[in-house]
Amino acid sequence: LMESDKDLLYDVVVIGAGIVGSSTAYSIAKEGVRHVALLEQFQLGHTRGSSHGGSRITRRGYHTHYYAEMMTEAFKLWEEVEQEYGTKLYVKTGGFHFGNATSKYVKEVISGFQHLRVKHEVLSSTEANDRFEFFQLPSGYRCVIEEDAGILAASKTVHALQTLFTKRGGKIFDCCQVTKVIPGGDVVTIATTKGDFKTKKVVITAGIVSSLGPYSSKILKPLGIDLPLVVKRLEVCYWKTDLPNICSAGYSHSDDHSMGVFMYSDDVNDQEGYYGLPAYEYPGLVKICLTGQTVVDPDHRDADLASHSTTASVSQFIGKFFKGISTTPSIVEPCMCTYSPDYDFFLDYHPDYHNIIIGTGFSGHGFKLAPVIGKILAELTLSLSPSYDLQYFKLHRFQKT
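Residues numbered from 1 in each chain as written. Predicted model: local features only at pLDDT ≥ 70, side-chain atom pairs only at ≥ 80, totals over all residues. Heavy atoms only, no water.

## Side note on unusual backbone geometry
Now for step 1: Positioned with a positive phi, Arg117 is a non-glycine residue whose angle comes to about 55 degrees.
Now for step 2: Mapped onto the secondary structure, Arg117 falls in the loop between α4 (104-116) and β6 (120-124).
Now for step 3: Take Arg117: its relative accessible area is 79%, and that puts it in the exposed class. (Helix = DSSP H or I, 4+ residues; strand = E, 2+ residues; numbered from the N terminus. Buried < 20%, exposed > 50% of the residue type's maximum accessible area, 1.4 Å probe, protein only.)

## Regarding the side chain of Asp344
Now for step 1: With respect to the helices and strands, the residue Asp344 is situated in the loop between β18 (325-339) and β19 (346-349).
Now for step 2: Here Asp344 sits buried without a salt bridge, and the closest side chain of opposite charge, Arg397, lies 5.2 Å off (N-O distance).
Now for step 3: One polar contact links Asp344 to Tyr66, side chain to side chain, over a distance of 2.8 Å. (Lys, Arg positive; Asp, Glu negative; His and termini not counted. Salt bridge = Lys/Arg side-chain N within 4 Å of Asp/Glu carboxyl O. Polar contact = N/O pair within 3.5 Å; in protein donor to acceptor, adjacent residues only side chain to side chain.)

## Considering the packing of helix α3 (residues 65-85) against α4
Now for step 1: Packing of α3 against α4 brings their axes to within 10 Å, and their N-to-C directions diverge by 50 degrees. In terms of orientation, α3 lies oblique with respect to α4. Viewed along their axes, α3 and α4 form a crossing whose handedness is right-handed. Taking contact as the criterion, the partners of His65, Ala68, Glu69 and Thr72 in α3 are, on α4, Ser111, Gly112, His115 and Leu116.
Now for step 2: A class-by-class count of the residues in the contact of α3 with α4 yields two nonpolar, five polar and one charged. (Axes fitted to C-alpha atoms, helices over the stretch in contact; angles between N-to-C directions. Parallel < 35°, antiparallel > 145°, perpendicular 65-115°, else oblique. Left-handed = near helix turned anticlockwise from the far one by under 90°. Contact = heavy atoms within 4.5 Å. Nonpolar A, V, L, I, M, F, W, Y, C, P; charged D, E, K, R; others polar.)

## Some words on the environment of Ile28
Now for step 1: Tracing the backbone shows Ile28 in helix α2 (residues 19-30).
Now for step 2: For the pair formed by Ile28 and Ala378, sequence separation is 350 residues and the distance between their alpha carbons is 5.2 Å.
Now for step 3: Ignoring anything within four residues of it in the chain, the contact list for Ile28 reads Val12, Val14, Val33, Val36, Val203, Ala378 and Thr381.

## Re the packing of aromatic side chains
Now for step 1: Under the counting rule described, the total for this entry stands at 38 aromatic pairs.
Now for step 2: Judged by centre distance (6.2 Å) and plane angle (70 degrees), the rings of Tyr392 and Phe393 are edge-to-face.
Now for step 3: With a relative accessible area of 0%, Phe393 lands in the buried category.
Now for step 4: Taken together, the ring pairs in this structure connect Phe96, Phe98, Phe132, Phe134, Phe135, Tyr141, Phe262, Tyr264, Tyr274, Phe317, Phe321 and Phe322 into an aromatic cluster. (Phe/Tyr/Trp six-rings, centres within 6.5 Å; stacked < 30°, edge-to-face > 60°.)

## Here's the deal with the pattern of salt bridges
Now for step 1: As enumerated under the stated definition, the model contains eleven salt bridges in all.
Now for step 2: Close ionic contact of Glu84 with Arg168 constitutes a salt bridge, the shortest N to O distance being 3.1 Å. Of the two residues, Glu84 is situated in helix α3 and Arg168 in the loop between α6 (154-167) and β9 (171-173); the sequence distance between them amounts to 84 residues.
Now for step 3: Among the residues examined, Arg168 registers a relative accessible area of 35% and is labelled partly exposed.
Now for step 4: For Lys119, the salt bridge goes to Glu147, with nearest N and O atoms at 3.0 Å. Residue Lys119 is found in the loop between α4 and β6, and its partner Glu147 is found in the loop between β7 (142-146) and β8 (150-152); the two are separated by 28 residues along the sequence.
Now for step 5: On the basis of relative accessibility, which here comes to 58%, the residue Lys119 falls in the exposed class.
Now for step 6: Classification of Glu147 by relative accessible area gives buried; the value is 19%.
Now for step 7: The network of salt bridges with common partners includes Arg60, Lys92 and Asp148.

Nothing here speaks to function; it is geometry throughout.
Written as structure tokens, this is what we have:
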């Protein structure tokens, strides 16, 4: 640390510069807070977490109303970030949610769309197969189409938020691993590999990387917080297609050939669904994956890859539901996510220290919601009234009474 940084008492320090931490730091700086620091244990742009890569799905369709309601604002906030940054970060492709006749997931998506009056269309398997050349849905399946779903340029959006944060006076310290958070009344001390930071408030959004499990746990356990988090590895698979229209150049309801992003689940409680995106990062290659399956030690993410590979399952899935897409992957890239038991986030104050705020456990679906999560964590940090009901996100919800 420079001498000026050592002596500075920060208003807020945010730990973890992934998509949520970057969004939180930006949201706090946007509120006019002067002295804000964002700490990242690795170099910016690293691939050891959950926020890197070319693309993430964004969508309005959700299995619970509270996330669907948040997504309404998320779309608006992403647009604001695009306008302020001056670069397109969201590509509208449209989206499909499909499953069998009894799929709770599909029922919940339709219910959410009706509740929020989101424009959508429900097709039978026959109708979907007739309209879209890439589908071969079995009899009895249903497909829900939404217009606004699309792709967020993942790494670009992280960089955008960090750039806008520093433009508002924020400071970023990378290669700066936090070793301990020490509460102390009105001032919290954050011990790091680059020296100590003093701050009035700290937001812990650290994600994954530590041999003790989730990185957040390493920081939280000494503070008396033991959350039931696990890290899972996800294989991001890209598959060759010969169909010319499986690309993300744009989508409209009348364009009967374009593949949008998709989500598949036959049971909302299963939570282990498949998802896909049209060709975007790599020309001619669609991204189709199975959500996080393998619990891993984050320090050894790629160990034992072959014996726990999910590519065979994804290959069978493609063969069952799609035409014109290879069932042999061309590229497989690893990613990690931190999961809570109920797949809901943790967004809350430390029970004993109100100047320590915690945001973690984003369970593979936090990226698209990052502007809203950042706003909520900023509201908690600045003692503003939260924009949403946070009952689903409390730290104590798994404690035995």
